[in-house]
Every structure is written in structure tokens, then in C-alpha cells.
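Structural characterization, general
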Amino acid sequence: MDLIAQRSELIEVAKGNRPADLFIKGGTVINVYSGEFLKQNIAVYKDCIAYIGTSEASIGEQTKVINAEGKYLSPGFIEAHAHPWVVYNPVSVTGKVLPLGTTTTVNDNLFFYLHMGAKGFTEMLNDLKSLPGNFFWLARLVSQADYPGEREWFNQKDVRELLELDDVLGSAEVTRWPLLYNGDSFLLDTMDFIKKLGKVSDGHTAGCSYEKLNAVVAAGVTACHEAITAKEAFDRLRLGMWTTLRNSSLRPDLQEIVKLITEGNVSTNRIVMTTDGPHPAFIEKEGFVEGLVRQAVELGVPVMTAIQMVTINAATYLRLDDYIGGLAPGRKADILLLPDLVEFRPDLVIASGQIVAENGNLTASLPEVDWNNYLVRKPFSFSKSVLENRNLYCYPHPTESVPIPVVYFKSNVITQRKDTELPSVNGYADLSGHDGLVHAALIDRNGEWVAKGILERFALNLDGMASTYNTTTELLVVGRNPEAIAKAASRVHEMGGGIAIVDGDEVILEIPLPLTGMMTPDPSFAVAVEYHNNLLAAMQERGFPFHDILYTLLFLTCDFLPGLRLVPHGLYEVKMDKILLPAAPLAALSYQIKN
């Protein structure tokens, strides 16, 4: 991490021989190193803290003095596991969370890399350095679903070049942890490379037993945020992992897993917290990292411990504790002025020595970004006319005597196989007499293949829906009416990515997401909130029974959660590691249209 202030200059300010640029007077410093609350002043020079103590010798004629009497001075909060692509984008989410006190975010690069490649992503990374606060990255080693050409895209040369970048702190979560468990040679070689760089290897070990977790940790994984019980958190902590307690829109689990601390009496110096990419409305209502601190304290975690988990612990995990995570000379001046230790919402946010937010409002400027400069993947490589064929969306079913493996939703993201007998009409499954069943298809945006399935308990009266918002960013379509599905798919094609819902012949909702098919390019966070709320309301009106539609769409097309999934290779049963219905070439259907 590069600092503007020179060490020699900081020494002079500390001695009182050079005036500070900023002097925070009379506050109570939250010292996360010693665990004390101390009445002290802080002198800031350029982007760094130069002095902490009772002296006022560094106040000069031009020094800006901030009266912090009655306020608490905290290090800026750190989100060590962020996903800046949940409809919002890196600029809009930064504008939202910086006034809430999060001065450092460490971000997953998955969808940027999928659509930009190494060169485009690197260019974007460099341009985003002008964002206020600290904006770091973790680089994916594999995608969240295997697809034809994945290993060529996530090749050793490109991945290693990204890992060597200063602003890339290590590798992002390997959601398909069985690859590590089974000793995938590319991943193990890359893990060794990461260790030699002295960087971190984030993990994702959902559903991994303690016995299997041993092998994953041996593979080189540094941390995991997937514990959903206190026992699972204990397992990870005991095996030497940095254990990240999560509270997100999909998994609001903090009330349970915080028992690791409140009842477990464990050492907390290797425990951090994360919001793990919550949907926009969650951030609007619950906050971001300051919301984690607030809830942890409400659940019985001592204030100092809660703050340490999102400051010095996170910085130490990221190997940045010489620069961020605490208030001390030589560290970056990322400082929060908190009016109380209840809400943890700052009155003032200082990042790199500059006031960037006051009273919940951003005062720093955000960069204007032309996202199209980085994209190398076309939104769609086939004509919209391909989507007019109703058979594209129907499940092939030539023999009625053979049950169909239906994807039954048990929760937002967990499914199970439910073999169902259905009638056959013209060689396809007829859903007309079965309420609650809908067609589903995943269509390659390059026009190469289509994977098909039938869903139950996804929606009751959804005529047609299309979405590029899913873990593959291909075109996912769902509905009971093939004509309505076709219209929704055509509208998403026209938008260049996004989500559309059709009732009958009418498009009743459209959400343009041209940035990788996942994000609005709009710099306003409020736009992302409105898009999310409109989508969830529309889906719940049509019988969607769960609380987080974005993650339902996201994970339907992954290949690491139980039980049935719609992935680029076809209808996939995860635990059996078996393709039940292979993806079919799209060219055959296109030929039918032309002839």
C-alpha cells in the first residue's frame, strides 16, 4: 500500500516541529491494539496519522481542528469479503457505505473477470483507484459453475498476473471446494503461488464436514465465511482458519454463530465479520459493516471486541495491519467520529486524511466510469429471432412412463430432486394441469447450447421471466407460458442484459443490467434499491415464497449447492455429480426457425 506522507514528515509532526493538516481534539480513542478507551488527540498529516496523545503541539495556523468532545474515535471499518455486483456497482455501493463508516472493502472480481478478462479488469481496477477509501480485490481462480472453455479463460498466466497486482490481496473464495478436496492440480499449484506472494486465500466451504474440512485447509485455504452454526464456526477456528461471521440478506446468521463468542469463550483475534454481498434493500435497512457491529453488540459481544473484528482483526487477516485497521502513528488516517457506541453510525468519516462524509452524507466526489471501456464479451452473439421458438423453453419428454426429475425449491437456494410424472404433448412435458410447475432454461449467450429443467415452488403464476442475473450470466428463463417466456427473453436481449417479467403479452417489469448482465451502471445506489424492491414485489405477487430473489436467481445456475441445478452442462444433480439431462446444441433449434 502506497502512502503519500513521508516517514520523515510524520516524525516532524509527531515532535510538534511541523503543523498537522488535521487535528482531532478531545475525543475518546478506541485503541484496538490494547483494548482501551483513551481520552486523546489525533494529529493527521496528508494521508496518515502522525501523533496520538495529549499534546497539542502540532496545531498550526493552517491546521483544521475538529472538536471531538463527547465522541468516540474509531478506525475505519473493513469489509473483507465484499461482492460489489448485487445490482449495484463498485461506484454506487461505495457512495452508499462510505458514509456508514466502511473505509475499506475487499472485493470479489468474478463477473468483472468473466466479461472483461485480465486486461479489461486490470484497466478497470486502475481507474477505480480514484474511489475514496481503500478499494481492494480478491481474484477468482475458477468460476461458480463449470462451463465449456472455463479452464482456458481462467488460465494460469492471466490468473497469476492478477494475483501479483498490488491491489489484489489474494484469491477469492473457491465455491466449488470439492475441487480442492480432490486435489485439483491447477488450484494447488496456484495456492502455492499465492503463499509465496504472501497473500490470502479466501474460502467457501458450505456443507463441508469437519473431516473434509481438514483436507480443504491442507490445500491452503486461509479463511471461510460459510459457517451457519456456532459448531461450524468452532470447526473452522480450531483448524486454523480465519473465521468470518456472516450476516447477510440471504443468510442472516449472526444471532446463531455469534454464540461462538458469547457462549464459547474463545480467543477472538482470528474472527472477523462480513455482510457477504447483501442485496441493496438490506443495506438500505440494516446498514453495512456498522450494522454488523451494532447487531453483535446487541447480541452480547463487548463493544471493543465487535470493533476489533471489523478493524484490526480484518487488517491482520489481509496482511495490511501495518497500514490500516487501527489508530496509530504511521497508519492511514481512516478515522470515524462516532456519537455513541450503540448505533455506530459516524457523524464524520475521514479516509486517507480527507473528510469524505458528514452526518451520513457523502462529501467526496465519485469517479465517472464508462464501463463499456473494459468489456470484451458481447451481451449476445445470436439473433433475437432465435428466442421466438417456444420449443426452446420446453422440457423434452417423449415417453410419459419415465418420471421427470423436477427441481423442487426447499428454500431460497437449496433444492432437491422430485421425480414427477407428467403428460407428453408433441414430445415435450405438458405443465398445464400442474399448478406450481414452471419451465426453466439456461441459454448460452454465445448461442452454443441450452440447458433445460422444470421448477417447483419457484412461482405459482409466473407467465414469463428472463434474467442474465445469475452465476453464469447466461440467459436464464423461467415461466409457465412459453410465449410469455419468449417475450421476456427478447426484451432482455434488447436491453443487452438484465431482468424482464411478462404477464400474458405485456412486459410488466424490466430492469436493465448491461454491466456484465449483473449490474446497473447507474451511480445512484437508490436506483439499485428500487430495482430490487420492484423485482421482489413482482415475484412475490406471482407466488415466489422466499425473501431473497436475487440469490435464488444467482445460485440456481451454480454447481456446488444441493440438490438439482441448471448449469451450462445441463440439468445437474450435485451430490451424485451427475448430469440428468445434457445441454442441447442451440443450433438445431435455430435451424428450425429458419426453415
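Residues numbered from 1 in each chain as written. Predicted model: local features only at pLDDT ≥ 70, side-chain atom pairs only at ≥ 80, totals over all residues. Heavy atoms only, no water.

Looking at an unreviewed UniProt entry, one finds the chain named adenine deaminase, with Neobacillus pocheonensis as its source organism. The UniProt entry for the chain carries the following text under Sequence similarities (unreviewed entry): "Belongs to the metallo-dependent hydrolases superfamily. Adenine deaminase family." Under the heading Catalytic activity (unreviewed entry), UniProt records this for the chain: "adenine + H2O + H(+) = hypoxanthine + NH4(+)". (UniProt positions renumbered as here; feature names shortened; annotations may be inferred.)

Once that is clear, we can look at the overall build of the chain. Within the chain, the secondary structure is distributed over 19 helices and 31 strands. Over its C-alpha trace the chain gives a radius of gyration of 25 Å, about what one expects of a compact globule, namely 25 Å for 595 residues. The C-alpha extent of the chain, read off along each of the three principal axes, is 85 × 50 × 45 Å. Residues classed as buried in the chain amount to 61% of the 595 residues present. Long-range pairs, those at least 24 residues apart, make up 69% of the contacts in the chain with a sequence separation of at least 6. When the accessible surface of the chain is split by element, carbon and sulfur atoms take 47% of a total near 22,000 Å². Averaging the locations of the 51 positively and 71 negatively charged side chains of the chain gives two centres separated by 3 Å. (Helix = DSSP H or I, 4+ residues; strand = E, 2+ residues; numbered from the N terminus. Rg over C-alpha atoms; globule rule 2.2 N^0.38 Å. Buried < 20%, exposed > 50% of the residue type's maximum accessible area, 1.4 Å probe, protein only. Contact = heavy atoms within 4.5 Å. Areas by Shrake-Rupley, 256 points an atom, 1.4 Å probe, with all protein chains shown as cover. Lys, Arg positive; Asp, Glu negative; His and termini not counted. Charge placed at Lys NZ, Arg CZ, Asp CG, Glu CD.)

In this numbering, the UniProt entry assigns the feature "domain: Amidohydrolase-related" (unreviewed entry) to residues 72-356. Taken end to end, residues 72-356 is 39% helix and 19% strand, and its first and last C-alpha atoms sit 18 Å apart.

A few words on empty space enclosed by the protein. Under the counting rule described, the total for this entry stands at five cavities of 30 Å³ or more. As a volume, the largest cavity reaches approximately 70 Å³. Secondary structure elements with two or more residues in the lining of the largest cavity: helix H2 (90-97) and strand E7 (102-108). Each residue belonging to the lining of the largest cavity can be placed in one class, and the counts come to eight nonpolar, six polar and no charged. Considered as a void within the structure, the second largest cavity measures approximately 50 Å³ in volume. Considering the residues around the second largest cavity, the lining is formed by Thr94, Val97, Leu98, Thr102, Thr103, Thr104, Thr105, Pro132, Gly133, Asn134 and Phe135. Of all elements in the fold, only H2, E7 and strand E8 (134-139) reach the threshold of two or more residues within the lining of the second largest cavity. Among the elements that line the lining of the second largest cavity, the one with the most residues is E7, at four residues. Its residues assigned to classes, the lining of the second largest cavity shows four nonpolar, seven polar and no charged. (1 Å grid on protein atoms, 1.4 Å probe; cavity = no way out; pocket = protein on both sides within 12 Å on 5 of 7 lines; lining within 4 Å. Points joined across faces, edges and corners; volume = space filled by probe spheres on them. Nonpolar A, V, L, I, M, F, W, Y, C, P; charged D, E, K, R; others polar.)

So, on to the packing of aromatic side chains. For the structure on display, the rule yields 17 aromatic pairs. With a centroid separation of 6.5 Å and 70° between ring planes, the pair formed by tryptophan 371 and tyrosine 374 is classed as edge-to-face. A ring pair is formed by phenylalanine 555 and phenylalanine 560, whose centres lie 5.8 Å apart and whose planes are at 80°; its orientation type is edge-to-face. For phenylalanine 555, a relative accessible area of 9% corresponds to the buried category. Here the aromatic cluster, defined as three or more aromatic residues joined through ring pairs, consists of Phe112, Phe121, Phe135 and Trp137. The ring of tyrosine 181 has lysine 212 sitting right over it, with the charged end atom 5.6 Å from the ring centre. (Phe/Tyr/Trp six-rings, centres within 6.5 Å; stacked < 30°, edge-to-face > 60°. Lys NZ or Arg CZ within 6 Å of the ring centre and 35° of its normal.)

Cis geometry is adopted by the peptide bond preceding glycine 563, which originates at proline 562 and carries an omega value of 0°. Position of glycine 563 among the secondary structure elements: in the loop between helix H18 (549-556) and strand E28 (564-567). Phi is positive for arginine 457, close to 65°, though the residue is something other than glycine. Secondary-structure assignment places arginine 457 in the loop between strand E23 (449-456) and strand E24 (464-467). On the basis of relative accessible area, arginine 457 is assigned to the partly exposed category, the value being 34%.

This brings us to the environment of glycine 464. Assignment of secondary structure puts glycine 464 in strand E24. Overall, the relative accessible area of 0% leaves glycine 464 in the buried class. For glycine 464 and arginine 176, which are 288 residues apart along the polypeptide, the C-alpha to C-alpha distance reads 31 Å.

Here we take up the pairing of E28. Here E28 shows a buried face lined by Leu564 and Leu566 and a second buried face lined by Arg565 and Val567. As judged from the four bridges shared by E28 and strand E29 (residues 570-573), these two strands associate in the antiparallel manner. Along E29, the bridge assignment pairs leucine 564 with glutamate 573. Here E28 folds back onto E29, and the loop between the two strands holds two residues. (Pairing = 2+ DSSP bridges.)

Here the focus is the sheet that holds strand E11 (residues 223-224). One open sheet accounts for eight strands, arranged E6-E7-E8-E9-E10-E11-E12-E13; its pairing is parallel. Pairing within the sheet leaves two strands with one partner each, and these edge strands are strand E6 (77-82) and strand E13 (271-274). In this structure, E11 lies alongside strand E12 (residues 242-246), joined through two bridges in parallel fashion. Across the sheet, residue cysteine 224 finds its bridge partner in E12, namely threonine 243.

When you line up the elements, glycine 220 lands in the loop between helix H8 (210-218) and E11. As a C-alpha pair, glycine 220 and arginine 390 span 170 residues in sequence and 48 Å in three-dimensional space. Dropping the residues within four chain positions of it, glycine 220 is found in contact with Met191, Lys195 and Ser201.

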